[in-house]
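Structure at a glance
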Amino acid sequence: GAVVSQHPSWVICKSGTSVKIECRSLDFQATTMFWYRQFPKQSLMLMATSNEGSKATYEQGVEKDKFLINHASLTLSTLTVTSAHPEDSSFYICSARVPSGRWEQYFGPGTRLTVT
Amino acid sequence: KQEVTQIPAALSVPEGENLVLNCSFTDSAIYNLQWFRQDPGKGLTSLLLIQSSQREQTSGRLNASLDKSSGRSTLYIAASQPGDSATYLCAVRPTNDYKLSFGAGTTVTVRA
């Protein structure tokens, strides 16, 4: 149980275009999902917290107009990188909170974004 | 602000040797601590989760200890195998928040 999927697993886009990444909880309902970014040989940095039915909460320094997050259902959150630039190239990982008292998070397999 | 440090950053051992990975955190007000494994280009796999009230957790060849007062956790991997080669991350969750703070990881190479 507690499986989280991401789509696509990798994507290449041209500078100035937008790209959408999906995060799905496959066998449970996730009222809260999290989006992280990871640069090579660095740790995961939380970008935003996505709550079903409400606006996402962004971490300091993360541009909410550039990284659009939508959590329209209990099993799906999407991250759209708008007007992507090469510096947005990174590994994006989502996680979903299992609805239990432990607040344990299960992570998706990640999406490699390359902006050319 | 919570700072999580993992030492060493990289580790290379021959097969069969025991592994000791260290994680330290600056704020002892944690709810739990979790160890993850990450293979190159992949997501995170949860290995062990230790609640703040626990001292250790074990799963197979893995054992993780937690000393909350000193801000330390250690992950032991017994009788290492080449398949254990990966990056190991620790993450802490504070008592007053749900956000995880991650260390930069220890990259382990087990030589056959």
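Up top you'll find the structure we're talking about.
Residues numbered from 1 in each chain as written. Chains lettered and ligands numbered in written order. Predicted model: local features only at pLDDT ≥ 70, side-chain atom pairs only at ≥ 80, totals over all residues. Heavy atoms only, no water.

**A closer look at the overall build of chain B**
To be explicit about the condition: A run of H or I in DSSP becomes a helix once it reaches four residues, and a run of E becomes a strand once it reaches two; helices and strands are each numbered from the N terminus. The buried label goes to any residue with under 20% of its type's maximum accessible area, the exposed label to any with over 50%, and the partly exposed label to all in between, with areas taken from a 1.4 Å probe on protein chains only. The contact definition used throughout considers only heavy atoms, calling two residues in contact when any of these lie within 4.5 Å. All accessible areas in this document rest on Shrake-Rupley with a 1.4 Å probe, and a residue is counted as covered only by the protein chains that are shown. By the counting rule applied here, Lys and Arg register as positive and Asp and Glu as negative, while His and the ends of each chain are not counted. Charged side chains are reduced to one point each, which is NZ for Lys, CZ for Arg, CG for Asp and CD for Glu.
Counting its regular elements, chain B contains 0 helices and 11 strands. Viewed in the frame of its principal axes, chain B has a C-alpha envelope of about 45 × 25 × 20 Å. Out of the 112 residues belonging to chain B, those deemed buried represent 44%. Within chain B, residue pairs in contact and separated by at least 24 positions form 53% of the contacts whose partners lie at least 6 positions apart. Accessible surface for chain B amounts to roughly 5,200 Å². Of this, 47% is attributable to carbon and sulfur atoms. Of the side-chain charges in chain B, 10 are positive and 9 negative, and the distance between the mean point of each set is 4 Å.

**Observations concerning the state of the cysteines**
Under the convention used in this document: When the sulfur atoms of two cysteines come within 2.5 Å, that pair is taken as a disulfide.
Inspection of every chain in the model, using the stated rule, returns 2 disulfides over all chains. Linked covalently through their sulfurs, Cys23 of chain A and Cys94 of chain A form a disulfide whose S-S length is 2.0 Å. Its S-S torsion of approximately 80° makes the covalent link between Cys23 of chain A and Cys94 of chain A right-handed. Of this pair, Cys23 of chain A sits in strand β3 (residues 19-25) while Cys94 of chain A sits in strand β9 (residues 90-97), and the two are 71 residues apart along the sequence. Its relative accessible area of 0% is what places Cys94 of chain A among the buried residues. Here Cys23 of chain B connects covalently by a disulfide to Cys90 of chain B, the sulfurs 2.0 Å from one another. Here the disulfide of Cys23 of chain B and Cys90 of chain B is right-handed, its torsion about the S-S bond being about 70°.

**Focus: the side chain of Thr74 of chain B**
Residue and element names in this part refer to chain B. Under the convention used in this document: Polar contacts, as used here, are pairs of N or O atoms within 3.5 Å; protein pairs need one atom able to donate a hydrogen and one able to accept it. Residues neighboring in sequence count only if both atoms are side-chain atoms.
Relative to the helices and strands, Thr74 resides in strand β8 (residues 72-77). On the basis of relative accessibility, which here comes to 12%, the residue Thr74 falls in the buried class. A distance of 3.5 Å separates polar atoms of two side chains, one belonging to Thr74 and the other to Asn22. The contact partners of Thr74, leaving out residues within four places of it in the chain, are Val20, Leu21, Asn22, Trp35, Asn63, Ala64 and Ser65.

**Topic: the environment of Arg55 of chain B**
All names here are of chain B. With respect to the helices, strands and loops of the structure, Arg55 is situated in the loop between β5 (44-51) and β6 (56-59). Exposure remark for Arg55: the relative accessible area of 59% places this residue in the exposed category. Sequence spacing of Arg55 and Arg111 is 56 residues, and the spatial spacing of their C-alpha atoms is 31 Å. Sequence-distant contacts of Arg55, that is, excluding residues within four places in its chain, are made with Ala64, Ser65, Leu66 and Asp67.

**Things to note about the sheet that holds β3 of chain A**
Residue and element names in this part refer to chain A. Put simply, the test is: DSSP calls a pair of strands paired once it identifies at least 2 bridges connecting them. Every angle, taken between N-to-C directions, lies between 0 and 180 degrees, and every axis is a line fitted to C-alpha atoms, over only the stretch in contact when it is a helix.
As summarised here, the arrangement of the 4 strands in space is β1-β3-β8-β7, forming an open sheet in which the pairing is antiparallel. Because the sheet does not close on itself, it has two edges, and the strands there are β1 (4-7) and β7 (67-73). Here the strands of the sheet are splayed against their neighbours by 15° on average, with no regard to which way each runs.

**A few points about the nonpolar core**
Let me state the cut-off plainly: Buried residues of nine kinds, namely Ala, Val, Leu, Ile, Met, Phe, Trp, Tyr and Cys, make up a nonpolar core once their side-chain atoms join them within 4.5 Å.
In terms of nonpolar packing, the biggest core is built from 23 residues, with Trp35, Leu79, Tyr92 and Leu113 of chain A touching the most fellow members. When contributions to this core are tallied by element, the ones reaching two or more residues are β2 (10-13), β3, β4 (32-38), β5 (44-51), β7, β8 (76-81), β9 and β11 (111-115) of chain A. Within the second largest apolar cluster, 22 residues are counted, among which are Val13, Leu19, Val92 and Val108 of chain B.

**Some remarks on the sheet that holds β8 of chain B**
Residue and element names in this part refer to chain B. Across the sheet, which stays open at both edges, the 5 strands sit in the order β1-β3-β8-β7-β6 with antiparallel pairing between neighbours. In this open sheet, the two edge strands, each paired with only one partner strand, are β1 (4-7) and β6. Going across the sheet, the axis of each strand differs from the next one's by a mean of 15°, ignoring polarity. Pairing of β1 with strand β3 (residues 19-25) involves 4 bridges; the strand directions are antiparallel. Across the sheet, residue Ile7 finds its bridge partner in β3, namely Asn22.

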